[in-house]
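Chain residues, written in single-letter form:
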Amino acid sequence: MANELRFDGRVAIVTGAGNGLGRAHALLLASRGAKVVVNDLGGGRHGGGTSSEAADKVVAEIKAAGGEAVANYDSVEQGSRIVQSALDAFGRIDIVVNNAGILRDVTFHKMTEEDWELIYRVHVLGSFRVTHAAWPHMRDQGYGRIIFTSSAAGIYGNFGQANYSMAKLGIVGLSNTLALEGKKKNVLVNTIAPLAGSRLTETVLPKELIDALKPEYVSPLVAYLCHESSSETGGLFEVGGGFFAKLRWERAEGKTVRLGRGIKVEDLQKDWNKVAGFDTTTHPAEINQSMGPVMANVQAGPAKGGNEFIDVDQALGY
Ligand code: NAI
């Protein structure tokens, strides 16, 4: 293909690449010329056990197709060892796809600290450690592309997944800030919330859906965001089954109560639709925009005159 987006000379780490989505990302990047570290500790879907088989199989697939890859069997909790594998095998690191994941689904009242901690360690700490180890290399070379893997469960909540939801939305926060910190050095950071048939979803989705939602339908977005031609950063994308869409925050019109008089509970009751309704909305995309109405109200100062004027500090006893 004439205008094929290529990754020749680029080195990518894909974590959890022995199965499902990670395998599909690794195969696609390798088919486009990237040298790939196929990381997978080869455990079960709930985090138990280890095996070199999963990563080895994908490396063999990549090589059979004429690509270049090495296996790494460390847990993402040993992030620096995974990055070292890339440096040892290929001498650089350009792309990190944080994908490894497990589930410990259980309703909150039955959740143990171990269920909570394990999910945090693999998803959040693992993503942090791999990325943190790759970060200085990317900054120094003025080039990097990082993908984090979130989930609709984090964005919207999902019954029985309090631990997983916490971890998956934590990753979005990490990604948002790294996007700001990496931009000047051309280190671009995005997050996907995928949907795909895999061993993680085979127990919750019907068989027809598992078969229809192929992991390889997600990977083109990962590859696009990791390509040098993309300038996208700080994005969160829903992707699966052939659907691709960026998400953003939407804020209600809001109600501003002029300062200097007491803010009454009834003020909120009266204008609840402005506070919580979405007839009129804005889309703050950065922290300054988020703070805009607050700062404007503070700068407007206390309302003057009228019986309503009171000294709030005095009223609150400060
Ligand atoms: P999968 O179970 O098919 O693949 C995950 C891979 O990660 C496995 O090969 C596993 O051995 C590996 N892994 C687990 N813990 C690891 C660790 N500590 N270090 C290194 N490798 C480890 O699952 P799937 O569905 O491909 O999931 C990939 C990612 O996508 C996960 O982060 C998951 O939470 C996320 N996701 C998947 C969705 C789906 O619909 N399949 C939905 C939303 C998010």
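- The chain is annotated in an unreviewed UniProt entry as SDR family NAD(P)-dependent oxidoreductase from Polyangium spumosum.

## Remarks on the sheet that holds strand β6 (residues 187-195)
Logical step 1: Read across the sheet, eight strands follow the order β3-β2-β1-β4-β5-β6-β7-β8 without closing on themselves; strand pairing throughout is mixed. At either end of the open sheet lies a strand with only one pairing partner, and these are β3 (68-72) and β8 (243-247). Looking at each pair of strands side by side, their axes are set apart by 20 degrees on average, direction ignored.
Logical step 2: Direction of pairing for strand β4 (residues 95-97) relative to strand β5 (residues 144-149): parallel, over a ladder of three bridges. Each residue of the ladder has a partner; that of I95, found in β5, is R145.
Logical step 3: Helix α3 (residues 79-90) contacts β1 (11-14), β2 (35-39) and β3 of the sheet and is inclined by roughly 145 degrees relative to β2.

## With respect to the site of the ligand
Logical step 1: Lining the immediate environment of the ligand, one finds 32 residues, of which G16, G20, A100, G101 and S198 sit closest.
Logical step 2: Counting only elements with at least two residues in the shell around the ligand, the list comes to α1 (20-31), α4 (113-141) and β6.
Logical step 3: If you tally residues by element for the shell around the ligand, the top one is α1, at three residues.
Logical step 4: For the shell around the ligand, the per-class residue count stands at 11 nonpolar, 17 polar and four charged.

## A word on helix α8 (residues 219-226)
Logical step 1: Burial within α8 is extensive, with six of its eight residues counted as buried.
Logical step 2: Among the residues of α8, S219, L221, V222, A223, L225 and C226 are the ones counted as buried.
Logical step 3: Elements that come into contact with the buried residues of α8 comprise α1, β4, β5, β6, β7 (236-240) and β8.

## Description of the domain arrangement of the chain
The accessible area lost on association of the parts is a frequent measure of interface size.
Logical step 1: Domain annotation for the chain reports domain 1 (11-247) and domain 2 (251-316).
Logical step 2: Spacing between the C-alpha centres of domain 1 and domain 2 amounts to 41 Å.

## Remarks on the nonpolar core
Logical step 1: In this structure, I13, A26, V36 and V38 are the most contacted members of the largest nonpolar core, which totals 72 residues.
Logical step 2: Ignoring anything within four residues of it in the chain, the contact list for I13 reads V37, N39, I82, V83, A86, I93, V96, V97 and V130.

## Some details on the packing of α3 against α4
Logical step 1: Direction vectors running N to C along α3 and α4 enclose 40 degrees, while the axes themselves pass 7 Å from each other. It follows that α3 is oblique to α4 by the angle criterion. Crossing of α3 over α4 shows right-handed handedness. Where α3 approaches α4, its residues G79, S80, I82 and V83 are matched on the opposing element by G126, R129, V130, H132, A133 and A134.
Logical step 2: Considering only residue class, the contact of α3 with α4 consists of five nonpolar, four polar and one charged.

Cut-offs and rules
- Residues numbered from 1 in each chain as written.
- Predicted model: local features only at pLDDT ≥ 70, side-chain atom pairs only at ≥ 80, totals over all residues.
- Pairing = 2+ DSSP bridges.
- Helix = DSSP H or I, 4+ residues; strand = E, 2+ residues; numbered from the N terminus.
- Axes fitted to C-alpha atoms, helices over the stretch in contact; angles between N-to-C directions.
- Contact = placed C-beta atoms within 7 Å.
- Near = placed C-beta within 6 Å.
- Nonpolar A, V, L, I, M, F, W, Y, C, P; charged D, E, K, R; others polar.
- Buried ≥ 20, exposed ≤ 12 C-beta atoms within 10 Å, placed from the backbone.
- Domains from an automatic or database assignment.
- Core = buried A, V, L, I, M, F, W, Y, C linked by C-beta atoms within 7 Å.
- Parallel < 35°, antiparallel > 145°, perpendicular 65-115°, else oblique.
- Left-handed = near helix turned anticlockwise from the far one by under 90°.

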